[in-house]
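Inside the fold
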Amino acid sequence: MKHLILVLALLTLSTPAVAVQPDEVLADSAMEERAREISKELRCLVCRNENIDESNAELAKDLRLLVRERLVEGDSNVEVVDYVVDRYGEYVLLKPTLTGSNKLLWIAGPLMLLAAFGGAIGFVRRRQNEAETVELTSDEQARLDAIMND
């Protein structure tokens, strides 16, 4: 029983801490929920692969405040994200879009994997063909016969 309680305590303590400060929270709970949704989609520019909702960096706090400010001004979720992307670039998105130059990045990985598979198959086939076509010289054949007869 003690072990179960310990495991449950560790699981609840291991959840990510939310960095949103009480002074950042909006009075309107629906708008705050929208701000949290948007914040979870935006990357902290200081931290690697951490959203601004969980980051304690000053820039993340500024971005959270910017998101809330845009929502208070009446922007939709899409307009807020577009505003932040226009200001900081597409790197700020945790899930990049499949447009423009990103298409090349999305397609390059699978293409490189297919090219590697093709290269590996070609290499194996060439090695098999080389192994099948090798013939022994008469001296090598004589030595092999001498070894086999001993």
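As the structure is a prediction and not an experimental result, all values here were calculated from the model.

Cut-off values and rules
Residues numbered from 1 in each chain as written. Predicted model: local features only at pLDDT ≥ 70, side-chain atom pairs only at ≥ 80, totals over all residues. Heavy atoms only, no water. Helix = DSSP H or I, 4+ residues; strand = E, 2+ residues; numbered from the N terminus. Buried < 20%, exposed > 50% of the residue type's maximum accessible area, 1.4 Å probe, protein only. Contact = heavy atoms within 4.5 Å. Areas by Shrake-Rupley, 256 points an atom, 1.4 Å probe, with all protein chains shown as cover. Expected span 1.5 Å × (residues − 1). Arc of directions from axis to C-beta. pLDDT = per-residue confidence, 0-100. Polar contact = N/O pair within 3.5 Å; in protein donor to acceptor, adjacent residues only side chain to side chain. Patch = residues over 30% accessible without salt bridge, like charges linked within 9 Å, V, L, I, M, F, W, Y side chains within 5 Å. Salt bridge = Lys/Arg side-chain N within 4 Å of Asp/Glu carboxyl O. Core = buried A, V, L, I, M, F, W, Y, C linked by side-chain atoms within 4.5 Å. Axes fitted to C-alpha atoms, helices over the stretch in contact; angles between N-to-C directions. Parallel < 35°, antiparallel > 145°, perpendicular 65-115°, else oblique. Left-handed = near helix turned anticlockwise from the far one by under 90°. Nonpolar A, V, L, I, M, F, W, Y, C, P; charged D, E, K, R; others polar.

What to know about the overall build of the protein
Along the backbone of the protein there are six helices and zero strands. Along the protein, helices and strands appear, N-terminal first, in the series α-α-α-α-α-α. Taking all 150 residues of the protein together, the buried fraction comes to 22%. Restricting to contacts in the protein with at least 6 residues of sequence separation, those with at least 24 account for 50%. A total of about 11400 Å² of accessible surface is found on the protein, and carbon and sulfur atoms cover 60% of it.

Side note on helix α2 (residues 29-41)
The terminal C-alpha atoms of α2 lie 19 Å apart, and with 13 residues this matches the ideal 18 Å at 1.5 Å per residue to within 8%. Residues of α2 that are buried include every one of Met31, Glu32, Ala35, Ile38 and Ser39, and no others. Down the axis of α2, the smallest arc covering the buried residues is 125 degrees, so these residues share one side. On its buried face, α2 sits against α3 (58-72) and α4 (77-88).

Observations concerning the confidence of the model for the protein
Reading predicted coordinates in detail is not appropriate for stretches of low pLDDT. When pLDDT is averaged along the protein, the result is 82; 83% of the residues meet or exceed 70. The lowest-confidence element of the protein is helix α1 (residues 2-13), averaging 65 in pLDDT; the highest-confidence one is α4, averaging 90.

Regarding the side chain of Asp53
Within the element layout of this structure, Asp53 appears in the loop between α2 and α3. Relative accessible area serves as the criterion here: at 2%, Asp53 is assigned to the buried category. Engagement of the side chain of Asp53 in a polar contact is seen with the side chain of Arg36, the distance being 2.9 Å.

Observations concerning a nonpolar patch on the surface
There is a patch of nonpolar side chains on the surface, built from Leu98, Trp106, Ile107, Leu111 and Leu114 and spanning about 550 Å² of accessible area. Relative to the helices and strands, Trp106 is located in helix α5 (residues 102-133).

So, the nonpolar core
Residues Ile38, Leu42, Ile52, Val67, Leu71 and Val84 are the most contacted members of the largest nonpolar core, which totals 18 residues. Among the elements that take part in this core, α3 stands out by supplying five residues, more than any other. Discounting residues that sit within four places of it in the chain, Leu71 has contacts with Met31, Arg34, Ala35, Ile38, Asn77 and Val80.

Considerations on the pattern of salt bridges
Counted by the stated rule, this structure contains five salt bridges. Between Arg36 and Glu32 there is a salt bridge; the shortest N-O distance is 4.0 Å. In this pair, Arg36 and Glu32 both sit in helix α2, four residues apart, roughly one turn of the helix. Salt-bridge contacts for Arg70 lead to Asp75; the nearest nitrogen and oxygen are separated by 2.8 Å. Residue Asp75 is classed as buried on the basis of its relative accessible area, which comes to 13%. A network of salt bridges, in which partner residues are shared, links Glu32, Arg36, Asp53 and Arg68.

Some remarks on the packing of α2 against α3
At their nearest, the axes of α2 and α3 sit 10 Å apart, and the two run at 135 degrees to each other. Viewed along their axes, α2 and α3 adopt a mutual orientation that is oblique. Note on packing geometry: the crossing formed by α2 with α3 is right-handed. Contacts between α2 and α3 involve Met31, Glu32, Arg34, Ala35, Arg36, Ile38 and Ser39 from the former and Arg64, Val67, Arg68, Leu71 and Val72 from the latter. Residue composition of the contact of α2 with α3, grouped by class: six nonpolar, one polar and five charged.

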